[in-house]
Number of protein chains: 2
Amino acid sequence: MVDDTIVAIATPFGAGSIAIVRLSGKNSYNIALNLTKKSSLTPRYSHLSKLYNSSLELIDEAIVIYFKAPHSFTAEDVVEFQCHGGFIVANMIVNECLKNGARMANSGEFTKRAFLNGRIDLTKAEAIAKLIESKNEFGAKILARQLNGELKSEIEKFREQLIEILAYIEVTIDYAEDDLPLSVHEDIVKKLQSLVERFNKIVAISSKKDGIFDGFKVCIVGKPNVGKSSLLNKLLNYDRAIVSNYAGTTRDTIEENLKIGTHLVKIVDTAGIRQTDEHVEKVGIERTLNAIKEADIIVAMFDYSSKLDNEDTEILNIISDFQTNKDVIFVLNKSDLPKMIDIDENLECLSVSCKQDISNLIDKLNSTLSKYEHSEDIILISNRQIEIVKSVSMTIESSLELLENGEFELFSYHINESIQLISSISKPYNYDEMLDKMFSSFCLGK
Amino acid sequence: MVDDTIVAIATPFGAGSIAIVRLSGKNSYNIALNLTKKSSLTPRYSHLSKLYNSSLELIDEAIVIYFKAPHSFTAEDVVEFQCHGGFIVANMIVNECLKNGARMANSGEFTKRAFLNGRIDLTKAEAIAKLIESKNEFGAKILARQLNGELKSEIEKFREQLIEILAYIEVTIDYAEDDLPLSVHEDIVKKLQSLVERFNKIVAISSKKDGIFDGFKVCIVGKPNVGKSSLLNKLLNYDRAIVSNYAGTTRDTIEENLKIGTHLVKIVDTAGIRQTDEHVEKVGIERTLNAIKEADIIVAMFDYSSKLDNEDTEILNIISDFQTNKDVIFVLNKSDLPKMIDIDENLECLSVSCKQDISNLIDKLNSTLSKYEHSEDIILISNRQIEIVKSVSMTIESSLELLENGEFELFSYHINESIQLISSISKPYNYDEMLDKMFSSFCLGK
């Protein structure tokens, strides 16, 4: 149990109507009494109270809530001051708490205390951090379920299966080999193989986590003047979400965030292909290639009203390398003009007119995105979790050979290791350094 | 009483650990029950509850607080959801509330409802808006007192004095003039004159409100290479406040925000005077002049180690026009070098060395700022309030002549008008348009 009392502003910096200052630790209650000049605070009751500084000057009138240990976020005594928003009032309250013996919390320190005090496990801690950053509804729902213990309980099931296998093997070691039916070994091999399959599937799904939590990347490729900008504008126009623009410039491409249905997507504009001279074209192609590599969905655009030219062929060539592991949507723009294009008839293409109507493309994007956002299985939300599951999978795979060779003790050692590994997703043993590193990436006040 | 239920995110947009979604109106309670799937919520109790959307998917686990009418900010039923911070969760909760029949609140609509329901008067409403924007501690303390009713009660005292005078005059009208002692008239004139004086003093103090709430402006003037930038850097280095930089570029000058003691100041950098040709110099002088006009404190800098030149004289001339109504601090920089300056011995100057020590200048700035931030009288916080008090003052002044001419009915009419005017600071009569205008400048969720 940590001894000191920490304080931080828990709401974002900026103009808003409410700010929250949060205290955690054994002096929280006394500090709150000092500021409110009250003789007591009823736990969990929202007191409307004046707050005073040490010179007895009025700082603010705030809602004060006392969460008595262990029934609080950190499992310690917690006090929340809901004060008037903006820059200055919350800061004045923090300063008074500091004068009363609290110290400024480090990033993630509230969540770290919740973890250290056994209030939450690591999967929940990571879900909290991710939820704050997440921008996509589907991702947020996954995180809400993980906050509710979904990932932890799945991990627990894996652990139990491995423990069961370990128990079988311990029996095998103690008894003579031929006393046990062969089917037991076969059964163990099957179980382990199915676990490895499951783990690999989870890792594969989880590799899409950036898209799930921050929006999938859609990249529009096509030669100049085929209508890429018109499409982007039409898509942006389609998005009527209240706040959707986190526009950021990454390297040489521009990302625009918009919502298609309930899905957040990042449209990557590759307005980079110019054909003034050979050198520039090369840069353009490289840029397109990079955008394609990072994208989840490629929208390849051609001109409905003219024959394919060299540039179109070049683009078709580039794309053909990616078609196996990326979704490619072929779009023929300018369908309001007479058809002249001579593209392969077998290629499934959408004819659109960025001038008039792109609803068939919207529908296609929507159904493709829904496919990504329909996972029956658990999703790992951090690279830490993914690395652990990969290691577990590899450890089990290598143990299978040991089992076949009858090296039961070594096999048992490997299974034991994989149990320890899988447990560390929710409960690390003594990874102090890892903990510090993990929680310091949290935002302040969490 | 307004009938519908409004919803908004009450915390700033951005990454933070907690966000608050606020509902107000008669459906708030039912909407909260729908989201939490609880059968009841105890008023003012902080319930830790899961929140579900209409498809029964888990959205988040949040602290839910129900403020039963009339014991809430708006005097209506209010529910607050303290959810996980960031962009997406709060938005999902807002969307569920909208699906359940709430509508998005307009800017300032919560405070407007609090006003319309008689929970707060206009002075408090304005103090709330100002508090959110305020960046200076002294200003925030004034606003906290106004939230506590200080301005309203002072206004009430003025109103009572005017009503008392009105009562005297009604007597004068009803009775024959010579039945009343002359001293009553003299007494009224004295009282009114002292009120006008008081009002003018309040208006004068309140003209400093931008400085009081957002930081006083300090402008550094001096010829090139005299050490203006070194001083600015030294001052910025002195400020060890956690967050102090709201740097914004206004026209051609740069503003840096820093704290001196507890005072927030905006240092206006006038690095504009260049003497390459006459035209540019003119622009530089004009820029300096503008900065000086807007500043509260002028730091005029000269070179301790060299004789005054034409540029110095030009600066001294410019400043002499402002010395009566601005604080000017004369600073001789480079005091680490031998003294060569031949400035007027009677001018009080601080010798500093931006290379070594400027503590005497810091002390001087601190004491000057403390002088501004030591007001015994009330401060008007909006232009609306200032305009009203100016009008009251003018109305009273013009009534004095009427009193001397024995035009009692007209005098009485004027005093009545000034009573109505002064009341409108806290309670406007039927200024619908004014109300809409005022509350729409609030931030969303307030």
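Break down the pattern of salt bridges for me, citing the residues and quoting the values.
All names here are of chain A. For the structure shown, the criterion picks out 48 salt bridges over all chains. A salt bridge links lysine 50 to glutamate 61, with the shortest nitrogen-to-oxygen separation between them at 3.8 Å. In this pair, lysine 50 sits in strand β3 (residues 47-52) while glutamate 61 sits in strand β4 (residues 58-67), placing the two residues 11 residues apart along the sequence. Judged by its relative accessible area of 26%, lysine 50 falls in the partly exposed class. Because the salt bridges share partners, they merge into one network encompassing Asp4, Glu76, Arg103, Glu109 and Arg113.

Describe in detail the relation of the copies chain A and chain B, supporting the description with residues and values.
For the pair chain A and chain B, the relating rotation is 180°, the translation along its axis is 0.0 Å, and the fit reaches an RMSD of 0.0 Å. These values place the two chain copies in the arrangement generated by a two-fold rotation axis. The C-alpha atom lying nearest the rotation axis in chain A is that of tyrosine 45 of chain A; the distance is 2.4 Å. Both copies present the same face, since 100% of the interface residues in chain A are matched by interface residues at the equivalent positions in chain B.

Summarise the packing of helix α4 (residues 122-133) of chain B against helix α5 (residues 137-147) of chain B; cite the residues concerned and give the values.
Residues and elements named next belong to chain B. Axis separation between α4 and α5 bottoms out at 8 Å; the angle between their running directions is 150°. What the angle tells us is that α4 and α5 run roughly antiparallel. Note that α4 runs across α5; the crossing there is left-handed. Residue-level contacts link Lys124, Ala127, Ile128, Lys130 and Leu131 of α4 to Ala140, Leu143, Gln146 and Leu147 of α5. Counted by class, the contact of α4 with α5 contains six nonpolar, one polar and two charged residues.

Residues and numbers for the packing of helix α13 (residues 383-404) of chain A against helix α14 (residues 408-423) of chain A, please.
Residues and elements named next belong to chain A. Put simply, α13 and α14 touch, their axes get as near as 9 Å, and they point 170° apart. As far as their axial angle goes, α14 and α13 are roughly antiparallel. Contacts between α13 and α14 involve Ile388, Ser391, Val392, Thr395, Ile396, Ser398, Ser399, Leu402 and Leu403 from the former and Phe408, Leu410, Phe411, His414, Ile415, Glu417, Ser418, Leu421 and Ile422 from the latter. Of the residues contributing to the contact of α13 with α14, the split by class is 11 nonpolar, six polar and one charged.

Run through the domain arrangement of chain A, naming residues and quoting values.
Domain boundaries in chain A define domain 1 (6-121), domain 2 (127-208 + 380-426) and domain 3 (213-373). If you average the C-alpha positions of domain 1 of chain A and of domain 2 of chain A, the two centres end up 41 Å apart.

Quick rundown of the interface of chain A and chain B? Include the residues and the values.
With 55 residues of chain A at the contact, the number on the chain B side is 55 residues. Carbon and sulfur atoms supply 63% of the area that chain A and chain B bury against each other, a total of about 4,800 Å² over both sides. By the criterion of area lost to chain B, the three top residues of chain A are Pro12, Ser17 and Arg44 of chain A, representing 13% of everything that side buries. Summed over the shared surface of chain A and chain B, the number is 12 residue pairs in polar contact (both at pLDDT 80 or more). Among the secondary structure elements, those contributing two or more residues to the side of chain A that touches chain B are β2 (18-24), β3, β4, β5 (78-84), α2 (88-99), α4 (122-133) and α5 (137-147) of chain A. Among the residues making up the side of chain A that touches chain B, the classes are represented as 27 nonpolar, 16 polar and 12 charged.

So, the sheet that holds strand β1 (residues 6-9) of chain B: which residues are in play, and what are the values?
Residue and element names in this part refer to chain B. The six strands lie next to each other as β3-β4-β5-β2-β1-β6, forming an open sheet whose pairing is mixed. Strand pairing shows two members of the sheet lacking a second neighbour, β3 (47-52) and β6 (103-104), which therefore form its edges. Sitting on the sheet, helix α1 (residues 28-36) touches β2 (18-24), β3, β4 (58-67) and β5 (78-84), and the angle it makes with β3 is about 75°.

Before we move on, can you summarise unusual backbone geometry with the specific residues and values?
In the segment running from alanine 69 of chain A into proline 70 of chain A, the intervening peptide bond is cis, with an omega of 0°. For lysine 334 of chain A, which is not glycine, the phi torsion reads 75° and is therefore positive. Phi angles above zero are rare outside glycine, and lysine 37 of chain B is one such case at about 60°.

Explain the pairing of strand β11 (residues 297-303) of chain A residue by residue, including any values.
Residue and element names in this part refer to chain A. Most of β11 sits out of view: seven of its seven residues are buried. Along β11, one buried face is formed by Ile297, Val299, Met301 and Asp303 and the opposite face, lined by Ile298, Ala300 and Phe302, is buried too. In the sheet, strand β7 (residues 216-221) pairs with β11 via four bridges, with the strands oriented parallel. Each bridged residue has a counterpart across the sheet, and for valine 218 the counterpart in β11 is isoleucine 297. Pairing of β11 with strand β12 (residues 327-333), which is carried by seven bridges, proceeds in the parallel orientation. In the sheet register, alanine 300 faces β12, and the bridge partner there is phenylalanine 330. Taken together, β11, helix α11 (residues 310-320) and β12 constitute a β-α-β crossover, and its handedness is right-handed.

Lay out the sheet that holds β4 of chain A with the relevant residues and their values.
Residues and elements named next belong to chain A. Taking strand neighbours across the sheet as the criterion, the six strands line up as β3-β4-β5-β2-β1-β6 in an open arrangement whose pairing is mixed. Taken across any chain shown, the strands that pair with only one partner, and hence form the sheet edges, are β3 and β6 (103-104). Direction of pairing for β2 relative to β5: antiparallel, over a ladder of seven bridges. Each residue of the ladder has a partner; that of arginine 22, found in β5, is glutamate 80. This element, helix α3 (residues 109-116), spans β1 (6-9), β2 and β6 of the sheet and lies at about 135° to β1.

An account of the packing of aromatic side chains is needed here, citing residue identities and associated values.
Evaluation of the coordinates by the stated rule reveals eight aromatic pairs over all chains. Arranged with centres 4.3 Å apart and planes meeting at 35°, the rings of tyrosine 29 of chain A and tyrosine 66 of chain A form a pair that is tilted. Pair noted here: tyrosine 29 of chain A is in helix α1 (residues 28-36) and tyrosine 66 of chain A is in strand β4, with a separation of 37 residues, a long-range link. Looking at arginine 22 of chain B, its charged tip hangs above the ring of phenylalanine 110 of chain B, at a distance of 5.0 Å from the centre. Positioned over the ring face of tyrosine 372 of chain B is lysine 208 of chain B, at 4.4 Å from the centre of the ring.

So what about the state of the cysteines? Which residues, and what values?
Following the criterion strictly, the structure yields zero disulfides over all chains and no others. Not part of a disulfide, cysteine 97 of chain A finds its nearest cysteine sulfur in cysteine 83 of chain A, a span of 10 Å. Taking the relative accessible area as the measure of exposure, cysteine 97 of chain A reaches 0% and is therefore buried. The thiol of cysteine 354 of chain B is unpaired, and the distance to the nearest cysteine sulfur, on cysteine 349 of chain B, comes to 14 Å. Since its relative accessible area comes to 9%, cysteine 354 of chain B is described here as buried.

Would you mind going over the environment of cysteine 83 of chain B in detail, with residue names and values included?
All names here are of chain B. Summarising the element assignment, cysteine 83 is placed in strand β5. Here cysteine 83 falls in the buried class, since its relative accessible area comes to 3%. Linking cysteine 83 and glutamate 61, residues 22 residues apart in sequence, is a C-alpha distance of 6.8 Å. Once residues within four sequence positions are removed from consideration, cysteine 83 is found in contact with Ser17, Ile18, Ala19, Asp60, Ala62, Val89, Ala90 and Ile93.

Describe the pairing of strand β12 (residues 327-333) of chain B, and please don't skip the residues or the numbers.
Side-chain direction in a regular strand flips from residue to residue, so the side chains alternate between the two faces of the sheet. Residue and element names in this part refer to chain B. Buried residues dominate β12, accounting for six of its seven residues. Relative to strand β13 (residues 349-351), β12 runs parallel, the two sharing three bridges. Within the sheet, the bridge partner assigned to leucine 332 lies in β13 and is serine 351.

Calculation notes
- Residues numbered from 1 in each chain as written.
- Chains lettered and ligands numbered in written order.
- Predicted model: local features only at pLDDT ≥ 70, side-chain atom pairs only at ≥ 80, totals over all residues.
- Heavy atoms only, no water.
- Salt bridge = Lys/Arg side-chain N within 4 Å of Asp/Glu carboxyl O.
- Helix = DSSP H or I, 4+ residues; strand = E, 2+ residues; numbered from the N terminus.
- Buried < 20%, exposed > 50% of the residue type's maximum accessible area, 1.4 Å probe, protein only.
- Least-squares fit on C-alpha atoms with pLDDT ≥ 70 in both.
- Contact = heavy atoms within 4.5 Å.
- Axes fitted to C-alpha atoms, helices over the stretch in contact; angles between N-to-C directions.
- Parallel < 35°, antiparallel > 145°, perpendicular 65-115°, else oblique.
- Left-handed = near helix turned anticlockwise from the far one by under 90°.
- Nonpolar A, V, L, I, M, F, W, Y, C, P; charged D, E, K, R; others polar.
- Domains from an automatic or database assignment.
- Buried area = accessible area lost by both parts, 1.4 Å probe.
- Polar contact = N/O pair within 3.5 Å; in protein donor to acceptor, adjacent residues only side chain to side chain.
- Pairing = 2+ DSSP bridges.
- Right-handed = clockwise from strand over helix to strand, strands pointing away.
- Phe/Tyr/Trp six-rings, centres within 6.5 Å; stacked < 30°, edge-to-face > 60°.
- Lys NZ or Arg CZ within 6 Å of the ring centre and 35° of its normal.
- Disulfide = S-S within 2.5 Å.

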